[in-house]
Number of protein chains: 2
Amino acid sequence: MTDQTPMRGVLSPVVTPFDADLRPDADKLIRHCRWLLSHDCGLAIFGTNSEGNSLSVEEKIDLVDRLVDAGIDPARMMPGTGCCALPDTVKLSRHMTERGCGGVLMLPPFYYKGVSDEGIYRSIAEVIDRVGDDRLRVYLYHIPPVAQVGFSLDLIERLITDFPGIVAGIKDSSGDWDNTRAMIERFPGWGVFAGNETVLLKTMQAGGAGCISATCNVNAHGIVEFYKTWQAPNAEQRQADLTALRNKVGQYVMISALKATIAHYSGDMDWRRVRPPLVELDEATVAKLGAELEAYGFTMPGLAG
Amino acid sequence: MTDQTPMRGVLSPVVTPFDADLRPDADKLIRHCRWLLSHDCGLAIFGTNSEGNSLSVEEKIDLVDRLVDAGIDPARMMPGTGCCALPDTVKLSRHMTERGCGGVLMLPPFYYKGVSDEGIYRSIAEVIDRVGDDRLRVYLYHIPPVAQVGFSLDLIERLITDFPGIVAGIKDSSGDWDNTRAMIERFPGWGVFAGNETVLLKTMQAGGAGCISATCNVNAHGIVEFYKTWQAPNAEQRQADLTALRNKVGQYVMISALKATIAHYSGDMDWRRVRPPLVELDEATVAKLGAELEAYGFTMPGLAG
């Protein structure tokens, strides 16, 4: 195992812009990543809110190559690599590691439901063995509301024990704070990321690693600033403000609303595009959401579009 | 639209054999397909019970090429092509159509949950438009217990209306007979396949197209024979016998149990292998299941192994 600093802080599952033919728009993605990094927000590309599983393996490899070749620091990237098919997860995880990514965010195979911990263990272990690269850092992706399949505490312990250092953390998108707290308490010092910023204060107070949140795509500045100053006064009120902002965006389907918000603040309505099975917000709804966010005083400083 | 006979009858989601490195074993798959065809059972390769979503796009393309090149009739094939990512579904559906497959069995994109009918409609419509081949025949794959995402009756009607002939049928694996009956009644003459043989008699009585059932991998002869003679006397008892046999296999995780049954009757324990997140049955359990099936008088006539 090589010495590689564990990833900490705030990361955004970076939304993926599409062109008129629904192909990924790499140049626009590069610009959005630069905006996120300008606010010191890490890049969890190809996550749920990136429509990561709506992209082919080849598209993801091409996009990460475009990003790294454009000078975006791969150490700040935690690309999603967990697919249904073992060879796909291996191929992506190997490529991301070879390109220098700080870690990968790994869904369990999510097609079959009700699978055993033993089966999920083998899924992750096979990937690690087949990638066979000491630089690999796996952050488990626990999101039962979407993937249905997830990681129990006992399974996590087995993985940490068998692959120390390699299995470096988890994103807990269970939506269950008790579960996040249990992870932090059972695995002290390990990299437990909250699934969104509504529990960022509690996560940091308990000893967690930060958060990986959809809303960073629009509020990177607010969330990162709070992460850096959560021990300063008035933390409860600032946490409440973050949560209120998230809830305004989250009144719509999250991915469509994130893209709509970027479309509104950049003036580029093409940003609204999503791949099916998602549906974009219409322009009237974008205007309504935008007006509501502006009335709340929300801005996206430095956004180039 | 070209004149292409709609698929009818009994098809098996063909289980996929793996070698010691968990690569698909094409030669063994070819032998199993020949066994199924020898009993006049169609080939729904790459279905749920085929571990279809545990195979990469490249593996599926390679396997179908191997099958067709080996002389297996593609008109009897209904490969699964529905993936999470639009370009993957397009690529697979196009390839299967070009190779002459009788149809494709199309899951909706299944990562995101709670998506709208409009979003699922766009998913299927985009694939049909992008494949752009009059020979394409889409059989929708409705399996909410696994995919979670499925096809409502109104959505099916919209797809049939907009793509007449192309959207040629459905496999209803909802496990809800009322839903299967509702499909048959609302779309008379359309290709509604039951998701398993336990409702095959009711499906045929109501005017359905047949069934696509996991158990065909071991009981193709029994299920096809019943399909061909369901109007003969004693149908209720014969249906009950089929159901009883299925329940014996289904007391274990179905895919592992199917492979275990083939392993037992062929004497080839390598048949047990599954890809994670599934777990194979151990040899003692294989022997126990095999003994139980033999005591029931079950055989697999003509199985080469």
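Residues numbered from 1 in each chain as written. Chains lettered and ligands numbered in written order. Predicted model: local features only at pLDDT ≥ 70, side-chain atom pairs only at ≥ 80, totals over all residues. Heavy atoms only, no water.

### Section: the sheet that holds strand β6 (residues 191–194) of chain A
Residues and elements named next belong to chain A. Pairing is parallel across the open sheet formed by 7 strands, whose spatial order is β2-β1-β7-β6-β5-β4-β3. With one partner strand each, in any of the chains shown, β2 (42–43) and β3 (104–106) form the two edges of the open sheet. Sheet analysis places β6 next to strand β7 (residues 210–212), joined by 2 bridges and oriented parallel. Looking at the pairing, F193 lines up with G210 of β7. (Pairing = 2+ DSSP bridges. Helix = DSSP H or I, 4+ residues; strand = E, 2+ residues; numbered from the N terminus.)

### As for the UniProt feature "active site" (unreviewed entry) in chain A
Residue and element names in this part refer to chain A. Here, UniProt's "active site" (unreviewed entry) annotation points to Y141 and K171. In summary, the annotated positions, though distributed over 31 residues, converge in three dimensions, the widest C-alpha pair being only 5.1 Å. As for its placement among the helices and strands, Y141 is situated in strand β4 (residues 138–142). Judged by relative accessible area, Y141 falls into the buried class, the value being 4%. Among the polar contacts listed, one links the side chain of Y141 to the side chain of T48, at a separation of 2.7 Å. Along the chain, K171 falls in strand β5 (residues 167–172). In this structure K171 comes out as buried when scored by relative accessible area, which is 4%. Once you skip the residues sitting within four places of it in the chain, K171 turns out to touch L105, L140, Y141, H142, F193, A194, G195 and I212. (UniProt positions renumbered as here; feature names shortened; annotations may be inferred. Buried < 20%, exposed > 50% of the residue type's maximum accessible area, 1.4 Å probe, protein only. Polar contact = N/O pair within 3.5 Å; in protein donor to acceptor, adjacent residues only side chain to side chain. Contact = heavy atoms within 4.5 Å.)

### Let's talk about the UniProt feature "binding site: pyruvate" (unreviewed entry) in chain A
Residues and elements named next belong to chain A. Those residues carrying the UniProt feature "binding site: pyruvate" (unreviewed entry) are I212 in this numbering. With respect to the helices and strands, the residue I212 is situated in strand β7. Of the residues examined, I212 reaches a relative accessible area of 0% and is grouped as buried. Setting aside its immediate chain neighbours within four residues, I212 contacts L11, P13, A44, M78, K171, F193, A194, G195 and N196.

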